[in-house]
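# Inside the fold
Spelled out, the chains give:
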Amino acid sequence: MIGLTTALQNNSGESQRPLLGVIACNRMVAGEVAASVMQRYLLAAAEHMNASLVIIPSLPDFVEAPRLASMIDGCLLTGSPSNIAPRFYGGADAGADGPFDEGRDEVVRRMFSEMVKAGKPVLGICRGLQEINVALGGTLRCDLATSSGTLSHHAPANADMDSMFEHSHEVRLMEEGVLARALAASSIVVNSVHYQGIDRLAPGLSVEATAPDGVVEAVSARVGASSILAVQWHPEWQVHNNPESQALLRLYGDVLRGKVTLAHG
């Protein structure tokens, strides 16, 4: 039997698209808990990463992480309205605001570990970057929308969806970094929709981009044979209107296919 990680050939002779696992959130829908992924992430991955998709529910008691990691070619950790619970990164900040989704926290922890063991890529967006930092031993801060003396990284709480994603700032791309090379730029303007962010950078992660206040906005790593790439902003939001977001997602697709080799931190 040919495994899913093999580049199969379809009837036209073209390689089959890689299978990307996307971690779902636990969210209330019509009074019930649903396994939920916003469609914009799925469409962005399908159209601009050229990936086939499978949704992985955040049900720790039922998700077999080793088996799933052996079946998929890569894993995408998306953004979410929830924050990572402090206990997952040893946070003393008991006042960290929810909502929390500890089912997702646990499934991501297990899936990240198994993907690294299997030498397969993990890609992150927003919460996904924070999850990667936590999985590798880093910590988070929770004050990025309110702390005085820093750039506000989130729109006011009463902003509607469009206004929330219009909230933006510049990020500086690290010279000779994978993002700077892929985007052929030294800086870009990105949306900013996050309350949590990296505090202590995890060992092994390389910084790919920073905000004007020094907050880490993108990371990369090579952990064993596993390529890791994540950004704090949302390239999937209105991606059709943003050539830089399209280029970033194509880079994600190249990492997924092993066409881009990321350096060890």
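About the criteria used
- Residues numbered from 1 in each chain as written.
- Predicted model: local features only at pLDDT ≥ 70, side-chain atom pairs only at ≥ 80, totals over all residues.
- Heavy atoms only, no water.
- Helix = DSSP H or I, 4+ residues; strand = E, 2+ residues; numbered from the N terminus.
- Buried < 20%, exposed > 50% of the residue type's maximum accessible area, 1.4 Å probe, protein only.
- Contact = heavy atoms within 4.5 Å.
- Pairing = 2+ DSSP bridges.
- Axes fitted to C-alpha atoms, helices over the stretch in contact; angles between N-to-C directions.
- Polar contact = N/O pair within 3.5 Å; in protein donor to acceptor, adjacent residues only side chain to side chain.
- Expected span 1.5 Å × (residues − 1).

Time to look at the overall build of the protein. Helix and strand content of the protein: seven helices and 13 strands. Counting only residues that meet the buried cut, the protein has 49% of its 265 residues in that class. Here the analysis covers contacts within the protein between residues at least 6 apart in sequence; of these, 68% occur between residues at least 24 apart.

Here the focus is the sheet that holds strand S13 (residues 226-231). Sheets are built from strands that pair by backbone hydrogen bonding, the pairs being arranged parallel or antiparallel. The nine strands lie next to each other as S4-S1-S5-S6-S13-S12-S11-S8-S9, forming an open sheet whose pairing is mixed. Across the chains shown, the open sheet's two edge strands, defined by having one partner strand only, are strand S4 (52-56) and strand S9 (187-191). Taking the axes of each pair of neighbouring strands and ignoring which way they run, one obtains an average angle of 25° across the sheet. Where strand S5 (residues 74-77) meets strand S6 (residues 122-125), three bridges bridge the pair, whose relative direction is parallel. Counterpart to Leu 76 in the pairing with S6 is Leu 123. Strands strand S1 (19-23), S4 and S6 of the sheet are contacted by helix H1 (residues 39-48), whose axis makes an angle of about 150° with S4.

Here Glu 47 is to be found in helix H1. Glu 47 gets classed as partly exposed once you look at its relative accessible area, which sits at 45%. With 203 residues separating them in the primary sequence, Glu 47 and Arg 250 have C-alpha atoms 9.4 Å apart. Polar side-chain contacts of Glu 47 include one of 3.2 Å to the side chain of His 240.

This paragraph deals with the side chain of Glu 114. Here Glu 114 shows up in helix H3 (residues 102-118). Not counting chain neighbours up to four residues away, the residues in contact with Glu 114 comprise Ala 65, Pro 66 and Ala 69.

For H3, built from 17 residues, the straight-helix expectation of 24 Å at 1.5 Å per residue is met to within 8% by its first-to-last C-alpha distance of 24 Å. Regarding H3, the residues found buried are Gly 103, Arg 104, Asp 105, Glu 106, Val 107, Val 108, Met 111, Phe 112, Glu 114, Met 115 and Val 116.

The subject of this paragraph is unusual backbone geometry. The backbone of Asn 50 shows a phi angle near 55°, a positive value even though the residue is not glycine. Along the polypeptide, Asn 50 turns up in the loop between H1 and S4. Although it is not a glycine, Ala 184 adopts a positive phi angle of roughly 50°. Relative to the helices and strands, Ala 184 resides in the loop between helix H6 (178-183) and S9.

Counting buried positions along S13 yields six of six residues, so the element is predominantly enclosed. Side chains Ser 226, Ile 228 and Ala 230 of S13 all project onto a buried face; the interleaved residues Ser 227, Leu 229 and Val 231 project onto the opposite face, where all are buried too. As paired elements, S6 and S13 share four bridges and run parallel to each other. For Leu 123, the partnering residue across the bridge sits in S13 and is Leu 229. Where strand S12 (residues 216-223) meets S13, six bridges bridge the pair, whose relative direction is antiparallel. Residue pairing in the sheet places Ser 220 in a bridge with Leu 229 of S13. Taken together, S12 and the strand that follows it, S13, pair antiparallel across an intervening segment of two residues, in which Gly 224 is found at a positive phi of about 60°.

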